[in-house]
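Each chain is listed here by its residues.
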Amino acid sequence: MELERHIGPVLMVGFRGLSVDEDDSIMRDIAECGMCTVVLFDVEVSLWQEPRNIASLQQVEPLDAGLGKCA
């Protein structure tokens, strides 16, 4: 876990989903590895599907707040 704590803060990570809860792997990674930067996408480019993380402003606000709780 020592290595993860050193590289976590310099990584930029993404995930799939419109919401998060404390059981999601992205939440665990933020808390345990100290990840500081999460990128949100509106489109799943590899599959050309919408949405990946962003559906509306009203949906992004609680998503961002949820991610921030673990930081």
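To be clear, the structure that these remarks concern was listed above.
These numbers come from a predicted model, not from an experiment.

**A few points about the packing of helix α2 (residues 25-33) against helix α3 (residues 57-70)**
Working step 1: Two elements in contact, α2 and α3, have axes whose closest approach is 8 Å; the angle formed by their N-to-C orientations is 40 degrees. Taken together, α2 and α3 sit at an angle that is classed as oblique. Here α2 contributes I26, M27, I30 and A31 to the contact with α3, which in turn contributes G66, L67 and C70.
Working step 2: Of the residues assigned to the contact of α2 with α3, the class counts are six nonpolar, one polar and no charged.

**A closer look at the side chain of N53**
Working step 1: Note on placement: N53 falls in the loop between β2 (37-38) and α3.
Working step 2: With relative accessibility at 0%, the residue N53 sits in the buried group.
Working step 3: Setting aside chain neighbours within four positions, we find N53 in contact with F15, R16, G17, L18, V39, L40, F41, Q59 and L63.

**Here's the deal with the pattern of salt bridges**
Working step 1: Under the definition given, this model contains two salt bridges.
Working step 2: Its salt-bridge partner being R52, residue E44 comes within 3.7 Å of it at the nearest N-O pair.
Working step 3: Judged by relative accessible area, which is 5%, E44 ranks as buried.
Working step 4: Salt bridges sharing partners connect three or more residues here, namely R16, E44 and R52.

**Details of the state of the cysteines**
Working step 1: This structure, assessed with the given rule, holds zero disulfides.
Working step 2: We note that C33 lacks a disulfide partner, and the nearest cysteine sulfur, in C36, lies 11 Å from it.
Working step 3: The closest cysteine sulfur to the non-disulfide-bonded C70 is located on C33, 12 Å from its own sulfur.

**Focus on a nonpolar patch on the surface**
Working step 1: A grouping of L3, I7, V10 and L11 is seen on the molecular surface, where their side chains present a nonpolar patch of about 390 Å² in accessible area.
Working step 2: By the element assignment, L3 lies in helix α1 (residues 2-7).
Working step 3: Look at L3 and you get exposed, because its relative accessible area is 59%.

**Structural notes on the nonpolar core**
Working step 1: Counting 10 residues, the largest nonpolar core consists of V13, F15, V20, I26, M27, I30, C33, M35, L63 and L67.
Working step 2: The set of elements that each furnish at least two residues to this core consists of α2 and α3.
Working step 3: Counting residues per element, this core draws most heavily on α2, which supplies four residues.
Working step 4: Non-local contacts of V20, meaning those with residues more than four positions away in its chain, are made with F15, I26, M27, L63, G66 and L67.

The rules we used
- Residues numbered from 1 in each chain as written.
- Predicted model: local features only at pLDDT ≥ 70, side-chain atom pairs only at ≥ 80, totals over all residues.
- Heavy atoms only, no water.
- Axes fitted to C-alpha atoms, helices over the stretch in contact; angles between N-to-C directions.
- Helix = DSSP H or I, 4+ residues; strand = E, 2+ residues; numbered from the N terminus.
- Parallel < 35°, antiparallel > 145°, perpendicular 65-115°, else oblique.
- Contact = heavy atoms within 4.5 Å.
- Nonpolar A, V, L, I, M, F, W, Y, C, P; charged D, E, K, R; others polar.
- Buried < 20%, exposed > 50% of the residue type's maximum accessible area, 1.4 Å probe, protein only.
- Salt bridge = Lys/Arg side-chain N within 4 Å of Asp/Glu carboxyl O.
- Disulfide = S-S within 2.5 Å.
- Patch = residues over 30% accessible without salt bridge, like charges linked within 9 Å, V, L, I, M, F, W, Y side chains within 5 Å.
- Areas by Shrake-Rupley, 256 points an atom, 1.4 Å probe, with all protein chains shown as cover.
- Core = buried A, V, L, I, M, F, W, Y, C linked by side-chain atoms within 4.5 Å.

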